[in-house]
Amino acid sequence: MKNKIITISREFGSGGRTIGKQLAKKLDIPYYDADIIQLTARESGMAEPFIRTQEEALAHANTLINSFSARDQYGMGIQDHLWRIQRKVIFDLANKSNCIIIGRCADYLLFHLHHCLRVFIHADFEERMERILKVYGETSESPKKRLLDKDFRRKAYYEFYTEQKWGDAKNYDIMLNSGTLGLNGCTNILASVWADDWQDGK
């Protein structure tokens, strides 16, 4: 029997990470987020802090700018190498057991697996601003700038490597508004879908 995987993509401040943690606890299955960076570091021999800085560094990555990045004899840059390693890590985790994977284009990478449920969590901009202030506190940057910058980085990274539109309903099985449904509501909906044995319907 194939493993069942839930991938969660999310807008910054929508609570997607919290929903993933709650769902993993409710279903008693592994949850992978920062663990992917640790495993990528182990596979690549690079330091975790360096990988973190590279992971979404394609915020400004249009084709022209990226063409001037340092590349090896095969035309690959550091970010491309890390992408390939991280892709292997994600495949290994998906083959290991039922699990929940947060972000990192996992929805795109695992699309070919009929047992992968692709989720996108979003919320109204004002609600997300309020949430990041509550969760992360004040910083020198305004909440609006933090949201716009983080979403832009995620969008750029996703679209650069997948050539698909980030947040487009066609690329996901379920889209949930955490502002309307609440974090617990989103968690319960996904737990219910899991219990309905959704992989047989794909």
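Residues numbered from 1 in each chain as written. Predicted model: local features only at pLDDT ≥ 70, side-chain atom pairs only at ≥ 80, totals over all residues. Heavy atoms only, no water.

## Some points on the packing of helix α5 (residues 78–96) against helix α8 (residues 143–162)
It is at 13 Å that the axes of α5 and α8 come closest, and there the two elements cross at 80°. What the angle tells us is that α5 and α8 run roughly perpendicular. For the pair formed by α5 and α8, the contact residues are Gln79, Asp80, Trp83 and Gln86 on the first element and Tyr157, Phe160 and Tyr161 on the second. Residues belonging to the contact of α5 with α8 are distributed by class as follows: 4 nonpolar, 2 polar and 1 charged. (Axes fitted to C-alpha atoms, helices over the stretch in contact; angles between N-to-C directions. Helix = DSSP H or I, 4+ residues; strand = E, 2+ residues; numbered from the N terminus. Parallel < 35°, antiparallel > 145°, perpendicular 65-115°, else oblique. Contact = heavy atoms within 4.5 Å. Nonpolar A, V, L, I, M, F, W, Y, C, P; charged D, E, K, R; others polar.)

## Here we look at unusual backbone geometry
Positive phi, close to 60°, is recorded for Asp28, a residue that is not glycine. Along the chain, Asp28 turns up in the loop between α1 (16–27) and β2 (31–32). Backbone geometry places Glu163, a non-glycine residue, at a positive phi of 60°. Here Glu163 shows up in the loop between α8 and β5 (174–177). Exposure remark for Glu163: the relative accessible area of 75% places this residue in the exposed category. (Buried < 20%, exposed > 50% of the residue type's maximum accessible area, 1.4 Å probe, protein only.)

## A word on the nonpolar core
Membership of the largest hydrophobic core comes to 22 residues, with the highest contact counts inside it found for Ile5, Tyr32, Ile36, Trp83, Ile90, Ile101 and Leu110. Among the secondary structure elements, those contributing two or more residues to this core are α5, β3 (99–102), α6 (106–109), β4 (116–122) and α8. Per element, the largest residue contribution to this core is 5 residues, and it comes from α5. Those residues in contact with Trp83 that lie beyond four places of it in its chain are Arg104, Cys105, Leu109, Tyr157 and Tyr161. With 19 residues, the next largest nonpolar core counts Ile29, Tyr31, Ile100 and Leu190 among its residues. (Core = buried A, V, L, I, M, F, W, Y, C linked by side-chain atoms within 4.5 Å.)

## Structural notes on the side chain of Arg146
Residue position: Arg146 is located in helix α8. A polar contact is formed between the side chain of Arg146 and the backbone oxygen of Gly137, at a distance of 3.0 Å. Excluding residues within four positions of it along the chain, Arg146 makes contact with Phe12, Ile132, Tyr136, Gly137, Glu138, Thr139 and Glu141. (Polar contact = N/O pair within 3.5 Å; in protein donor to acceptor, adjacent residues only side chain to side chain.)

## Remarks on α8
The first and last C-alpha atoms of α8 sit 28 Å apart over 20 residues, in line with the 28 Å expected at 1.5 Å per residue. All of the buried residues in α8 are Pro143, Arg146, Leu147, Asp151, Arg154, Ala156, Tyr157, Tyr158, Tyr161 and Thr162. Positive backbone phi, at 60°, marks Glu163, one or two positions downstream of α8. (Expected span 1.5 Å × (residues − 1).)

## With respect to the pairing of β4
Of all 7 residues in β4, 6 are buried; the element is thus mostly enclosed. Both strand β1 (residues 5–10) and β4 contribute to a ladder of 6 bridges, which runs parallel. From the neighbouring strand, Ile5 faces β4, where its bridge partner is Cys116. Sheet topology note: the β4/β5 ladder contains 4 bridges and is parallel. In the strand pairing of β5, Phe120 is matched with Met175. (Pairing = 2+ DSSP bridges.)

## Brief notes about the packing of α1 against helix α10 (residues 183–195)
Two numbers describe how α1 lies on α10: the axes approach to 9 Å, and their chain directions differ by 45°. Regarding the angle of α1 to α10, the classification is oblique. When you trace α1 past α10, the crossing you get is right-handed. Contact residues: α1 offers Thr18, Ile19, Gln22, Leu23, Lys26 and Leu27, while α10 offers Leu183, Asn184, Cys186, Thr187, Asn188, Leu190, Ala191 and Trp194. Class assignment for the residues of the contact of α1 with α10 results in 8 nonpolar, 5 polar and 1 charged. (Left-handed = near helix turned anticlockwise from the far one by under 90°.)

## Here we look at the packing of aromatic side chains
Going through the model one piece at a time under the given rule, you end up with 7 aromatic pairs. A centroid spacing of 5.4 Å and a plane angle of 80° characterise the contact between Phe120 and Trp166, whose relative ring orientation is edge-to-face. On the criterion of sequence distance, the pair formed by Phe120 in strand β4 and Trp166 in the loop between α8 and β5 is long-range, its members being 46 residues apart. Each member of the pair, Phe120 together with Trp166, is buried. Ring centres of Phe120 and Tyr172 lie 5.0 Å apart, and the angle between their planes is 50°; on these two criteria the pair is classed as tilted. Here Phe120, found in strand β4, pairs with Tyr172, found in the loop between α8 and β5; they are 52 residues apart in sequence, far enough to count as distant. An aromatic cluster of three or more residues is present, and its members are Trp83, Tyr157, Phe160 and Tyr161. A cation over an aromatic ring shows up here: Lys4 above the ring of Trp194, its NZ or CZ 4.2 Å from the ring centre. (Phe/Tyr/Trp six-rings, centres within 6.5 Å; stacked < 30°, edge-to-face > 60°. Lys NZ or Arg CZ within 6 Å of the ring centre and 35° of its normal.)

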